[in-house]
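# Structural features, examined
Here is what each chain is made of, one letter per residue.
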Amino acid sequence: MRVVYLILASAAVCLSQQFESENLAPFVPSPQIVVDKMLEAAQVKPGETVYDLGSGDGRIVITAAQKYKAKSVGIEISDALCKSTQKKVSAMGLDSQVRILHASALKVDLSPADVVTIYLLTASNERLRPNLEKYLKASARVVSLNFRIQGWKEARVEKIVADRQTHMIYVYEMSTVKH
Ligand SMILES: C[S@@+](CC[C@H](N)C(=O)[O-])C[C@H]1O[C@@H](n2cnc3c(N)ncnc32)[C@H](O)[C@@H]1O
């Protein structure tokens, strides 16, 4: 019994260490007017699929579903944030449109995405870039808040002030990034 407990405990430690090394950024929510601007800049159309990599409290995926009639998928490494966001999504009656997955953004298949949003860090974008290039279709757009994706050329850059802070929105079109 003691051996089983030790095996389980060390497996849990390994799992949490693995997630820790995959932590791409702390939870800092985007102001709502910035969320609106990001989705507008991405030109999200009804029925398209929006992935938010590091979905935090779900504000991007919820806005994409409510305002743009998109399907959306939030990928979030924090179990607590996943649970609280899932509760909110269900309470809002958005279960058929919004999925919250407890996973690392570094490990998910992004091929269904029409739009990917990220609010991470430059070094994190660098870690994500190979998967974005591997999975995303030519028509997909990537919108990164405040941090460029190095080596990619922006299709558009927008600036917005929220809470007296200037935010930069970098929009990339996969057709020009990799084709
Ligand atoms: C700066 S917050 C952005 C939250 C939300 N996207 C927004 O704009 O309001 C970054 C989020 O990424 C999550 N995160 C960090 N590393 C991650 C990873 N490898 N996979 C999925 N989520 C991750 C954090 O827990 C946090 O919620």
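In what follows, the accompanying structure is described. (Residues numbered from 1 in each chain as written. Predicted model: local features only at pLDDT ≥ 70, side-chain atom pairs only at ≥ 80, totals over all residues.)

Around the ligand sit 23 residues, and of these Leu24, Ser30, Gly54, Gly56 and Ala105 come closest. Elements with a contribution of two residues or more to the shell around the ligand: helix H3 (59-68) and strand S2 (71-76). For the shell around the ligand, the class distribution of residues is twelve nonpolar, seven polar and four charged. (Near = placed C-beta within 6 Å. Helix = DSSP H or I, 4+ residues; strand = E, 2+ residues; numbered from the N terminus. Nonpolar A, V, L, I, M, F, W, Y, C, P; charged D, E, K, R; others polar.)

The next subject is unusual backbone geometry. Excluding glycine, residues mostly have negative phi values, and the peptide bonds linking residues are mostly trans. At glutamine 43, a position not held by glycine, the phi torsion is positive, near 55°. Its location among the elements puts glutamine 43 in the loop between helix H2 (32-41) and strand S1 (49-53). Among the residues examined, glutamine 43 registers 15 C-beta atoms within 10 Å and is labelled partly exposed. Located in the positive-phi region is asparagine 146, a residue other than glycine, with phi close to 70°. With respect to the helices and strands, the residue asparagine 146 is situated in the loop between strand S5 (141-145) and strand S6 (156-162). (Buried ≥ 20, exposed ≤ 12 C-beta atoms within 10 Å, placed from the backbone.)

For the rest of this paragraph, the subject is H3. Count 3.6 residues to each turn of an α-helix, and residues three or four apart come out pointing the same way. Within H3, eight of the ten residues are buried, leaving the element largely enclosed by the surrounding structure. What H3 keeps buried is the set Arg59, Ile60, Val61, Ile62, Thr63, Ala64, Ala65 and Tyr68. For H3, the elements touching its buried residues are H2, S1, S2, helix H4 (79-91), strand S3 (98-102) and strand S4 (115-118). Lysine 69, located one to two residues past H3, shows a positive phi value of around 55°. (Contact = placed C-beta atoms within 7 Å.)

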